[in-house]
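As a plain string of letters, each chain reads:
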Amino acid sequence: MRSEQWSDMIRIMKSLLKNKKGFSLVEILIGSAIVSASIIYIANSYANFVSLSTTNTARIQAAFLLDEGVEALKTMRGESWAQNIASTTASTTYYLTWSANKWKATTTPQLVDSIFTRTMVFTPVYRDVDFNVSQSGTIDPGSKKVDFTVLWLDKGATTTKS
């Protein structure tokens with residue numbers, strides 16, 4: 001290219017840049033709308049993440065409470081089967097309580113962390129003639145089945161983990 005052509009191109013570009021004095025109102029409105037929509041999307045995403053985190057925290061705590069209940073029952077069994085387990089009434093709802101450095105079963109409802117209710121229900125175990133667990137047969141006085149449940153309120157509804 002010759003120097004004349006370069007100078008013509010530079011002059012044309014300068015004239016184009018001179019006529020462009022700033023952003024128009026329409027461009028500012030579109031830019032503001034895009035930024036606003038992005039901020040709203042990010043805020044909603046954050047709120048959803050916080051909600052899911054809270055729900056998952058409660059579920060994890062419930063799982064730990066179930067595990068703790070099983071371990072507490074094993075401790076009670078180890079201390080005295082006859083006093084702590086064999087003496088329970090079938091199909092009655094019991095609650096675990098920590099009293100005098102021991103786990104105890106009580107029929108009085110107990111709240112854990114002012115949120116959770118942990119229950120346990122004992123049912124008899126039946127054995128067949130081969131001493132296998134069955135739906136019917138002879139009641140085994142040395143065994144009991146225990147069902148643990150943890151309940152809590154989540155968004156106005158009762159949630160259960162067993």
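For clarity, every value in this text was computed on a predicted model and none was experimentally measured.

The rules we used
Residues numbered from 1 in each chain as written. Predicted model: local features only at pLDDT ≥ 70, side-chain atom pairs only at ≥ 80, totals over all residues. Heavy atoms only, no water. Phe/Tyr/Trp six-rings, centres within 6.5 Å; stacked < 30°, edge-to-face > 60°. Buried < 20%, exposed > 50% of the residue type's maximum accessible area, 1.4 Å probe, protein only. Lys NZ or Arg CZ within 6 Å of the ring centre and 35° of its normal. Helix = DSSP H or I, 4+ residues; strand = E, 2+ residues; numbered from the N terminus. Polar contact = N/O pair within 3.5 Å; in protein donor to acceptor, adjacent residues only side chain to side chain. Contact = heavy atoms within 4.5 Å. Patch = residues over 30% accessible without salt bridge, like charges linked within 9 Å, V, L, I, M, F, W, Y side chains within 5 Å. Areas by Shrake-Rupley, 256 points an atom, 1.4 Å probe, with all protein chains shown as cover. Salt bridge = Lys/Arg side-chain N within 4 Å of Asp/Glu carboxyl O. Pairing = 2+ DSSP bridges. Core = buried A, V, L, I, M, F, W, Y, C linked by side-chain atoms within 4.5 Å. pLDDT = per-residue confidence, 0-100. Expected span 1.5 Å × (residues − 1).

Asks: Just checking my understanding: could you explain the packing of aromatic side chains for this structure?
Replies: Geometry of an aromatic ring pair is reported as the spacing of the ring centres plus the angle between the planes. Using the criterion set out here, one finds 3 aromatic pairs in the structure. Pairing W98 with W103 gives two aromatic rings, centres 5.2 Å apart and planes at 70°, and the pair type is edge-to-face. For W98, a relative accessible area of 51% gives the class exposed. The side chain of R127 reaches across the aromatic face of F131, ending 4.7 Å from its centre.

Asks: What should I look at first to understand the side chain of R127 in this one?
Replies: Secondary-structure assignment places R127 in strand 4 (residues 116-127). Of the polar contacts made by the side chain of R127, one reaches the backbone oxygen of F131; its length is 3.3 Å. Looking at R127, its side chain comes within polar contact range of the side chain of S143, at 3.2 Å. Setting aside chain neighbours within four positions, we find R127 in contact with N132, V133, S134, S136, G137, T138, D140 and S143.

Asks: Got a minute to help me understand a nonpolar patch on the surface in this structure?
Replies: On the surface, V26, I30 and I34 cluster together into a nonpolar patch covering about 290 Å² of accessible area. Position of I30 relative to the elements: it lies in helix 2 (residues 25-79).

Asks: Even after reading the chapter, I still don't get the pairing of strand 6 (residues 138-154), so can you show me in this structure?
Replies: On a regular strand, each side chain points to the face opposite its neighbour's, so the side chains alternate between the two faces of the sheet. With 10 bridges joining them, strand 4 and strand 6 adopt antiparallel strand pairing. The partner of T119 across the bridge, within strand 6, is T149. Sheet topology places strand 6 next to strand 7 (residues 157-161); 5 bridges connect them, and they run antiparallel. Bridging across to strand 7, L151 finds its partner in T160.

Asks: Please explain the pattern of salt bridges as it appears in this structure.
Replies: Where side chains of opposite charge bring their charged atoms close, a pairing between them can arise. Taken as a whole and judged by the stated rule, the model has 4 salt bridges. Ionic pairing is found between R118 and E68, a salt bridge with its closest N-O pair at 2.8 Å. In this pair, R118 is assigned in strand 4 and E68 in helix 2, connecting sequence segments 50 residues apart. On the basis of relative accessibility, which here comes to 33%, the residue E68 falls in the partly exposed class. Residue K145 is joined to D147 by a salt bridge in which the shortest nitrogen-to-oxygen separation is 3.8 Å.

Asks: What is the right way to look at the nonpolar core in this model?
Replies: Side chains of nonpolar character tend, in soluble globular proteins, to be buried together. Of all hydrophobic cores here, the largest spans 18 residues; its most connected members are L96, F116, M120 and V150. For this core, the elements supplying multiple residues, two or more each, are helix 2, strand 1 (93-99), strand 4 and strand 6. The dominant element in this core, judged by the number of residues it contributes, is helix 2, at 7 residues. Look past the residues within four positions of L96 in its chain and what remains in contact with it is G69, A72, M76, W103, K104, Q110, R118, M120 and F148.

Asks: What's the story with the confidence of the model for the protein in this structure? I'm lost.
Replies: Interpretation of the predicted coordinates at a detailed level should be avoided for regions scoring low in pLDDT. Across the protein, the average pLDDT comes to 89, with 92% of residues at or above 70. Per-residue pLDDT, averaged within each element of the protein, yields its smallest value for helix 1 (residues 3-19) (70) and its largest for strand 4 (96).

Asks: Honestly, helix 2 in this entry has me stumped. Any pointers?
Replies: Two residues of an α-helix separated by three or four positions point the same way, owing to the 3.6 residues in each turn. For helix 2, with 55 residues, the first-to-last C-alpha span of 81 Å sits near the 81 Å given by 1.5 Å per residue. Turning to helix 2, its buried residues number three or more, namely S45, T55, A58, A62, L65, L66, G69, A72, L73 and M76.

Asks: I keep staring at unusual backbone geometry and nothing clicks. Help me out?
Replies: Across the chain, the bulk of peptide bonds are trans and the bulk of non-glycine residues have phi less than zero. A positive phi angle, near 60°, is found at S114, a position not held by glycine. Of note, K155 is a non-glycine position whose phi angle comes to about 55°, a positive value. Mapped onto the secondary structure, K155 falls in the loop between strand 6 and strand 7. Looking at K155, the relative accessible area reads 67%, which means it is exposed.

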